[in-house]
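# Reading the structure
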Amino acid sequence: MTYDTLSSDGFIKAIGPADAIRRQFSEETFEERIDCSGKCILPGLVDAHTHPVWAGERVHEFAMKLAGATYMDIHQAGGGIHFTVECTRQASEEELFISLQQRRLPGLWRLQCMVRAGTTLVECKSGYGLNLETELKMLRVIERARRELDIDISATYCGAHSVPKGKTATEAADDIISNHLPKLKALCRHGEIHVDNIDVFCEEGVFDLDSTRRILQSGKEMGLRINFHGDELHPMKAAELGAELGAQAISHLEEVSDKGIAAMAMARCSAVLLPTTAYMLRLKQPRARKMLDEGVIVALGSDFNPNAYCFSMPMVMHLACVNMRMSMPEALAAATINAAYALGKSHTHGSLEVGKRGDLIIINASRWEHLIYQFGGHHELIEYVIVKGKVI
Ligand code: NIG
Ligand code: FE
């Protein structure tokens, strides 16, 4: 296989046996050759759900959860998302950006860890500001990462991640619809930021179905793809709502109904399953088998956030196989082409095909299944990560 490393486009030019490729292209076409004998080449992994921009530490909450506290116990006591919102509001834009790069200053470091674990396209959400000022600060950090880093990013506005203190869900939805979204639209029009998706945490005690519907509908009207959190801790009929609104994806779905699954299959609305969260919070597992059997497009995400601190899609695939009973080919498809579909990018990303982006990984094993079989330590296994034809 050869890919274009010479021009700036970085798309796959040809795939085939080495001698056929050599006949097709002159020697000068090859800027760099990698001998992959005894190794496997796979598409770059796609992480369809992350919250990578935040400040503050929530390691103490892990201990609380181990001692029996539920996610909602901590949330309602002012911890969880609220705690991270306070810290993120106080952090400067520069601090948040650098945190994506170096450990002591929390932001690019996180994205680099994801790249080292084989991720070449990642969805990044805002959602730890809730007020307009901090949501925009987060989206600017994501935009800067999109421009300056090699990893490809799909940006999601998630201002409805939690209801700000002192407001009802209806009031928060009104504020988002009348103040946040018009401002976002203006900034996107001027090219200052780029937002692809709109998200809401549709959950009992957070955004009810009606507020969720209003926010998602307004986002859709301004051209954003609907991609939201639903049916996680309680059955909310979020899947039914997403199918009705033409959502591209719904995440979590531990509590999805049978009707919701059927509606998602019919609407070609993908399910982004998050095995780390179900594992960490000891939730019941989403019914991946039922979804696959009914024809739902099942994707995977790490859900990287202060609650589920996992950068690694190979670990996510492993958990999906063991805990959700997915097969290894199903897990790989869910972490590549189906995750790209969840982000509306399956025409350009997620598989090794001529004309698609040259995003791939080379693993030092003769069978690709090692990527999933191995539990941790993938830095040793993943020898090269290539984004847009460039080794990074
Ligand atoms: O997808 N469920 C809502 N949002 C995140 C958790 C965010 C947090 O706890 O900070 C999730 O798991
Ligand atoms: Fe999430």
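Residues numbered from 1 in each chain as written. Chains lettered and ligands numbered in written order. Predicted model: local features only at pLDDT ≥ 70, side-chain atom pairs only at ≥ 80, totals over all residues.

This part covers the overall build of the chain. Regarding its fold elements, the chain presents 18 helices and 14 strands. Compactness check: the chain gives a C-alpha radius of gyration of 20 Å against a globular reference of 21 Å for 392 residues, within 12% of the reference. Referenced to the eigenvectors of the C-alpha coordinate spread, the extents of the chain come out at roughly 70 × 45 × 40 Å. Split into buried and exposed, the 392 residues of the chain put 52% on the buried side. For the chain, long-range pairs separated by at least 24 residues make up 67% of all intrachain contacts whose partners lie at least 6 apart in sequence. (Helix = DSSP H or I, 4+ residues; strand = E, 2+ residues; numbered from the N terminus. Rg over C-alpha atoms; globule rule 2.2 N^0.38 Å. Buried ≥ 20, exposed ≤ 12 C-beta atoms within 10 Å, placed from the backbone. Contact = placed C-beta atoms within 7 Å.)

As a further point, take the environment of S154. If you trace the backbone, S154 turns up in strand β6 (residues 152-160). In this structure the C-alpha to C-alpha distance between S154 and A340, which are 186 residues apart in sequence, comes to 9.8 Å. Residues contacting S154, with those up to four places away along its chain left out, are L121, E123, D196, N197, L343 and K345.

Taken in spatial order, the 4 strands of this open sheet run β3-β12-β13-β14, and their pairing is antiparallel. Lying at the two open borders of the sheet, with one neighbouring strand each, are β3 (40-43) and β14 (390-391). In this structure, β3 lies alongside strand β12 (residues 360-363), joined through 4 bridges in antiparallel fashion. What sits directly across from P43, in β12, is L360. (Pairing = 2+ DSSP bridges.)

Looking now at the site of ligand 1. What surrounds ligand 1 is a group of 13 residues, the closest being I81, F201, T277, N305 and N307. Class assignment for the residues of the shell around ligand 1 results in 4 nonpolar, 7 polar and 2 charged. (Near = placed C-beta within 6 Å. Nonpolar A, V, L, I, M, F, W, Y, C, P; charged D, E, K, R; others polar.)

Packing of helix α8 (residues 169-189) against helix α9 (residues 209-221) leaves a shortest axis separation of 9 Å and a crossing angle of 10°. Considering their axes alone, α8 and α9 lie roughly parallel with respect to each other. On α9, the residues that touch A169, T170, A173, I176, I177 and L181 of α8 are S211, R214, I215, S218 and G219. (Axes fitted to C-alpha atoms, helices over the stretch in contact; angles between N-to-C directions. Parallel < 35°, antiparallel > 145°, perpendicular 65-115°, else oblique.)

So, on to the pairing of strand β13 (residues 382-387). It is a general feature of regular strands that their side chains alternate between the two faces of the sheet. Here β12 pairs with β13 via 4 bridges, running antiparallel. Of the residues in β13, the one forming a bridge with I363 is I382. Two strands pair when backbone bridges link them, and β13 and β14 are joined in this way by 2 bridges, in the antiparallel orientation. Across the sheet, residue V387 finds its bridge partner in β14, namely K390. Here β13 folds back onto β14 in antiparallel fashion, the turn holding 2 residues, of which K388 has a positive phi close to 50°.

Remember that the coordinates give geometry; whether it matters functionally is a separate question.
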